[in-house]
Amino acid sequence: MAVWDDLVGQDRVASQLTAAARDADALVTAEAAGGGRPAAQDAADAPPASSALAASPASPALSKMTHAWLFTGPPGSGRAPAARAFAAALQCVSPDRALGGAPGCGFCEGCHTTLVGTHADVEVVRTDLLSIGVKETRDLVRRAQLSPAGGRWQVIVLEDADRLTEGAGNVLLKAVEEPAPRTVWLLCAPSLEDVLPTIRSRCRLLTLRTPPVDAVADLLVRRDGIEPELAASAARATQGHIDRARRLATDERARARRAAVLKLPLRIDDVGGCLKAAQELIDAAAEDAKQVAEETDAKETEELRAALGAAAGTGGRLPRGTAGAMKELQDRQKRRATRTQRDSLDLALTDLAGFYRDVLALQFGSRTALANTDVQDALERIAAGSKPERTLRRIEAVRACREALDRNVAPLLAVEAMTMALRAG
């Protein structure tokens, strides 16, 4: 199975990345053959990546490979999987390459270790916090200055480039501007506007699209073994969002939460109903964050205590001078819980916006396929009881709530304002 097989509906992007991987492979192979030394050793004497790549033997005039890439696309389009697949192709050591095969076989040691996250020369950075700070970015930049330990490239995959603080972005800019030899940066963000202009101007842009619903359903069946009917329902409900579709198809609690959200438009007939519905949305998001915390916090805490010499069976007391490390972990867990609650609430608002989108489609008699066919009775009831302009105002209210949450407005106040606006229409 090639590394590109999970890029659902992204044939153009896969083609571009395959061409770039070919050029990158040709460059490293030619340098290793010419110097008679391993590729990792060649890196120390190689010219700067930007100039070396521009003169790739695969394309003397202009290489399809470059040292920095920016993957953009709507949520669920597969930005991070595309970046990881490209990283695997860059590290591919399949013997088929000598026979004209494209890098990225999916089976060799380079591909396999990259895809499972154990390759020594591939650093994949994702955050469960609200932002990525200067300290973490400086650590990445130091890592990027190293020569490959054994692979063909030093690859840094930054899955949440949109979460870089301004200071962190400025730290990263220097590394992208003056890349180390044989180092490649792969940045992922929802859109160009989510990345500093100075950084995006130094990256090659790849834009992914929302995958077709049928293609996502097929992926869930083929890769995750989900029943076709359930896979089709989850893909349709999430409108092609791969990760959300997988979660909806495999997690009964996620389906229950979505069902509760889709009942909200029928429960806001009065002010009391609006306030109660808002509180329930907030409570559901908090419960979701609590469930995630229960799964990870206890394990992290016990591992840190063991590392500090205070594991179970040793009396439980932390050695002197280690309380600061435990406090730092607790602060990180609190920040993660905040992000998890925000993400869960945003997911509920996305489902709510999808509900009103379906209402609008019914009101206009559109042939667009409905996402929420499981609540079609409620859709038809709301569509018959209001006009399209009211539905548009309700969609705008949901969007305004999401923007308010991005500006750190108190979640309960933002959601209460939204439910009141939904009632007014």
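That block above? That's the structure.
This write-up is about the structure you can find in this document.

### Let's talk about the nonpolar core
Counting 35 residues, the largest nonpolar core has Trp4, Trp69, Phe71, Phe86 and Leu186 as its most contacted members. Elements with a contribution of two residues or more to this core: helix H1 (11–35), strand S1 (68–72), helix H4 (79–90), strand S3 (154–158) and strand S4 (183–189). Counting 33 residues, the second largest nonpolar core, distinct from the first, contains Val359, Leu379, Val398 and Cys401.

### Here's the deal with the packing of aromatic side chains
The full count for this structure, using the stated rule, is two aromatic pairs. Relative to Phe86, the ring of Trp69 has its centre 5.1 Å away and its plane inclined at 75 degrees; by these criteria the two rings are edge-to-face. In this pair, Trp69 is assigned in strand S1 and Phe86 in helix H4, connecting sequence segments 17 residues apart. For Trp69, a relative accessible area of 2% puts it in the buried group. Of the residues examined, Phe86 reaches a relative accessible area of 0% and is grouped as buried. Lying across the ring of Trp153, Arg182 places its NZ or CZ 5.6 Å from the centre.

### So, the environment of Ala215
Checked against the element boundaries, Ala215 lands in helix H9 (residues 213–224). Residue classification places Ala215 among the partly exposed positions, given a relative accessible area of 24%. For the pair Ala215 and Thr419, spaced 204 residues apart in sequence, the C-alpha to C-alpha distance is 35 Å.

### Thoughts on the side chain of Thr391
Positionally, Thr391 belongs in helix H16 (residues 388–406). Taking relative accessible area as the criterion, Thr391 reaches 0% and is therefore assigned buried. With residues up to four places along the chain from it excluded, the contact list for Thr391 reads Tyr356, Val359, Leu360, Gln363 and Ser386.

### Here we look at the packing of H9 against helix H11 (residues 242–250)
It is the contact of H9 with H11, at a shortest axis distance of 10 Å, that shows an interaxial angle of 55 degrees. Classified by the angle between their axes, H9 and H11 sit oblique to one another. With respect to the hand of their crossing, H9 and H11 are arranged in right-handed fashion. Contact residues: H9 offers Val216, Leu219, Leu220, Arg223 and Asp224, while H11 offers Ile242, Ala245 and Arg246.

### Concerning the pattern of salt bridges
For the structure shown, the criterion picks out 24 salt bridges. A salt bridge links Asp139 to Lys135; the shortest N-O distance between them is 3.9 Å. A residue pair is termed a helical-turn pair when its members lie 3 or 4 positions apart in one helix, as Asp139 and Lys135 do in helix H6 (residues 134–144) at four residues. Judged by relative accessible area, which is 61%, Lys135 ranks as exposed. Of the charged contacts, one joins Arg255 and Glu252 as a salt bridge, the two residues approaching to 2.5 Å between their closest N and O atoms. Remark: Glu252 and Arg255 occur in helix H12 (residues 252–262); sequence separation between them is three residues, near one turn of the helix. On the accessibility criterion, Arg255 (27% relative accessible area) is partly exposed. One continuous salt-bridge network, built from bridges that share partners, spans Arg223, Asp224, Asp243 and Arg246.

### Let's talk about the sheet that holds S3
Read from one edge of the open sheet, five strands run S2-S3-S4-S1-S5, paired in parallel fashion. With one partner strand each, in any of the chains shown, strand S2 (122–125) and strand S5 (204–207) form the two edges of the open sheet. Strand-to-strand twist in this sheet, taken as the mean axis angle between neighbours without regard to direction, amounts to 15 degrees. One ladder, built from five bridges, connects S3 with S4; its direction is parallel. When the bridges of S4 are listed, Val155 appears paired with Val184. Along the sheet face, H4 touches S1, S2, S3 and S4 and points at about 165 degrees away from the line of S4.

Definitions and cut-offs
Residues numbered from 1 in each chain as written. Predicted model: local features only at pLDDT ≥ 70, side-chain atom pairs only at ≥ 80, totals over all residues. Heavy atoms only, no water. Core = buried A, V, L, I, M, F, W, Y, C linked by side-chain atoms within 4.5 Å. Buried < 20%, exposed > 50% of the residue type's maximum accessible area, 1.4 Å probe, protein only. Helix = DSSP H or I, 4+ residues; strand = E, 2+ residues; numbered from the N terminus. Phe/Tyr/Trp six-rings, centres within 6.5 Å; stacked < 30°, edge-to-face > 60°. Lys NZ or Arg CZ within 6 Å of the ring centre and 35° of its normal. Contact = heavy atoms within 4.5 Å. Axes fitted to C-alpha atoms, helices over the stretch in contact; angles between N-to-C directions. Parallel < 35°, antiparallel > 145°, perpendicular 65-115°, else oblique. Left-handed = near helix turned anticlockwise from the far one by under 90°. Salt bridge = Lys/Arg side-chain N within 4 Å of Asp/Glu carboxyl O. Pairing = 2+ DSSP bridges.

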